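Listed here are the chains, written in short residue letters.
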Amino acid sequence: MWQGQQSPPGQPNPQDTYVSSAPEPPRSRWSRTAITAVAASAAVVVACGVTGFLVLRDDGGNGDGRDRADATSSASAPASPGGTARSAADGSSGPLVPGWNTVVNAKRGITFDVPASWKRQSADWVSYVAEDDDPEEKPLVAMMAPAVLKEKWCTSDDDKDGNEEDTPLASTGTTGEKGSKSAAEAAEDTSKNWVYGGYTQPDSSRLTIGEPESYRTKSGIEGSLVTVTSSGTPKKGKCDSAGKAVTFAFKNAEGDFVSWTYVGAHGVPDEVSDTTIRQILGTVRLFEEGDGQD
């Protein structure tokens, strides 16, 4: 289950708060797990993917409750002393790859670039996966301010309830890794949770977990990279496929573990290539004043 929200100023952290008086919005789906597509304002949170409206959680919510602090902050993180984001004449930063667009998670102090074909969600949008049978939809893992490729890559109504659900091809975003003891641990846990939550649950035996590898981005950020794929999961619906997640974990300017993740369909004809994934990953850098979505 996916979601996204920014709390109204002065409101308590809205974890697991449901408001059921609203009409049911359109539905969408990430493989075996429904996607909750949410746009929030100070007064209204509109959710797609579940019955009614939801007031939602913060990013980074791995199953142990990791990084579920209040979602009200949208202030910029401290500027990186060694960031290498390309600066324009007016002092603002542009993408490192010409023609691409910049994605920012100011709360976690991270920015990266994506090709123009990827749709950037709002800065306070949070996407996540949860156990299908969890009535509280506690996130296994989440990402903030994601960019999505082909939101309607596949559409189906597998349960024949009259509500079609959309499955995207791929998504990429960033996560706080509060509680992680190392970059390698954070990268492995996060990538495993994305593939399990989105593609193989309730079977965790279908995962192939790569060894952590050292990685350095173009801006000089060093961290740990882990790739997880799935295979052999019985196909239950039209849009089901194998899955793949690539997670790069590192420390931000404040010394906290954070991560960037790509997650998407695996083994399909239009699967995102490793070359493109690595190109996006290479642009990951620490957030600086002036970075932002166009």
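Our structure's up above, just so we're on the same page.
Each value, and the rule that gives it
Residues numbered from 1 in each chain as written. Predicted model: local features only at pLDDT ≥ 70, side-chain atom pairs only at ≥ 80, totals over all residues. Heavy atoms only, no water. Phe/Tyr/Trp six-rings, centres within 6.5 Å; stacked < 30°, edge-to-face > 60°. Helix = DSSP H or I, 4+ residues; strand = E, 2+ residues; numbered from the N terminus. Buried < 20%, exposed > 50% of the residue type's maximum accessible area, 1.4 Å probe, protein only. Contact = heavy atoms within 4.5 Å. Pairing = 2+ DSSP bridges. Disulfide = S-S within 2.5 Å. Expected span 1.5 Å × (residues − 1). Salt bridge = Lys/Arg side-chain N within 4 Å of Asp/Glu carboxyl O. Polar contact = N/O pair within 3.5 Å; in protein donor to acceptor, adjacent residues only side chain to side chain. Core = buried A, V, L, I, M, F, W, Y, C linked by side-chain atoms within 4.5 Å.

(A) A look at the packing of aromatic side chains. Summed over all chains, the structure comprises 3 aromatic pairs. Taken together, a centroid distance of 5.5 Å and an interplanar angle of 75° make the contact between Tyr215 and Phe248 edge-to-face. Note that Tyr215 is positioned in strand S16 (residues 213–216) and Phe248 in strand S18 (residues 242–251), a separation of 33 residues in sequence. Each member of the pair, Tyr215 as well as Phe248, is classed as buried. Both rings, one in Phe248 and one in Phe250, keep their centres 5.0 Å apart while their planes meet at 25°; by these two values the pair is stacked. Residue Phe248 is classed as buried on the basis of its relative accessible area, which comes to 0%. An aromatic cluster is defined as three or more aromatic residues linked by ring pairs; in this entry it consists of Tyr215, Phe248 and Phe250.

(B) A look at helix H2 (residues 274–282). Residues of H2 that are buried: Ile277, Ile280, Leu281 and Gly282. For H2, the secondary structure elements touched by its buried residues are strand S8 (110–114), S16, strand S17 (222–230), S18 and strand S19 (257–266).

(C) Focus on the pairing of strand S14 (residues 170–176). Of all the 7 residues making up S14, 7 are buried; the element is thus mostly covered by neighbouring parts of the structure. Residues Ala170, Thr172, Thr174 and Gly176 line one face of S14 and the alternating positions Ser171, Gly173 and Thr175 line the opposite face, and both faces are buried. Taken together, the 4 bridges between strand S11 (residues 139–149) and S14 define a ladder with antiparallel strand orientation. Across the sheet, residue Met144 finds its bridge partner in S14, namely Thr174.

(D) Molecular detail of the sheet that holds S8. One open sheet holds the 3 strands; their spatial order is S7-S8-S20, and the pairing between them is antiparallel. Each of the sheet's edge strands pairs with one partner strand only, and the pair in question is strand S7 (101–105) and strand S20 (285–286).

(E) Geometry of the state of the cysteines. All chains considered together, the criterion is met by 1 disulfide. A sulfur-sulfur separation of 2.0 Å characterises the disulfide bridge that pairs Cys154 with Cys239. Taking the torsion about the S-S bond as the criterion, the Cys154 to Cys239 disulfide, at about -80°, is left-handed. Of this pair, Cys154 sits in strand S12 (residues 154–156) while Cys239 sits in the loop between S17 and S18, and the two are 85 residues apart along the sequence.

(F) Structural context of helix H1 (residues 183–200). The first and last C-alpha atoms of H1 sit 24 Å apart over 18 residues, in line with the 26 Å expected at 1.5 Å per residue. Of all the residues in H1, the buried ones are Ala183, Ala186, Ala187, Thr190, Ser191, Trp194, Val195, Tyr196, Gly197, Gly198, Tyr199 and Thr200.

(G) Layout of the pairing of S19. In terms of burial, S19 is largely enclosed, as 9 of its 10 residues are buried. Strand direction decides the pairing type here: S14 and S19, joined by 7 bridges, are antiparallel. From the neighbouring strand, Thr174 faces S19, where its bridge partner is Trp260.

(H) Region of interest: the pattern of salt bridges. In total, this model carries 8 salt bridges according to the counting rule given. The shortest N-O distance in the salt bridge between Lys119 and Glu151 comes to 3.4 Å. Note that Lys119 is positioned in strand S9 (residues 119–120) and Glu151 in the loop between S11 and S12, a separation of 32 residues in sequence. A residue is classified by how much of its surface remains accessible, and Glu151, at 32% relative accessible area, is partly exposed. The salt bridge partner of Glu188 is Lys192, with a shortest N-O separation of 3.7 Å. Of this pair, Glu188 and Lys192 both sit in helix H1, 4 residues apart, which is roughly one turn of the helix. Taking relative accessible area as the criterion, Lys192 reaches 24% and is therefore assigned partly exposed.

(I) Layout of the environment of Trp260. Topologically, Trp260 is positioned in strand S19. Taking the C-alpha atoms as reference, Trp260 lies 9.9 Å from Ser191; in sequence the two are 69 residues apart. Dropping the residues within four chain positions of it, Trp260 is found in contact with Phe112, Thr172, Gly173, Thr174, Val246, Thr247, Phe248, Phe250, Ile277, Ile280, Leu281 and Val284. At 2.9 Å, the side chain of Trp260 and the side chain of Thr172 are in polar contact.

(J) View of the nonpolar core. Grouped together as the largest cluster of nonpolar side chains are 28 residues, with contacts concentrated most on Trp118, Phe248, Phe250, Trp260, Tyr262, Val272 and Val284. For this core, the secondary structure elements donating two or more residues are S8, S11, S18, S19 and H2. Ranked by residue count, the leading element in this core is S19, at 4 residues. Setting aside chain neighbours within four positions, we find Val272 in contact with Trp118, Leu149, Leu169, Ala170, Tyr262 and Ile277. Of all hydrophobic cores here, the second largest spans 18 residues; its members include Val129, Val141, Tyr196 and Val263.

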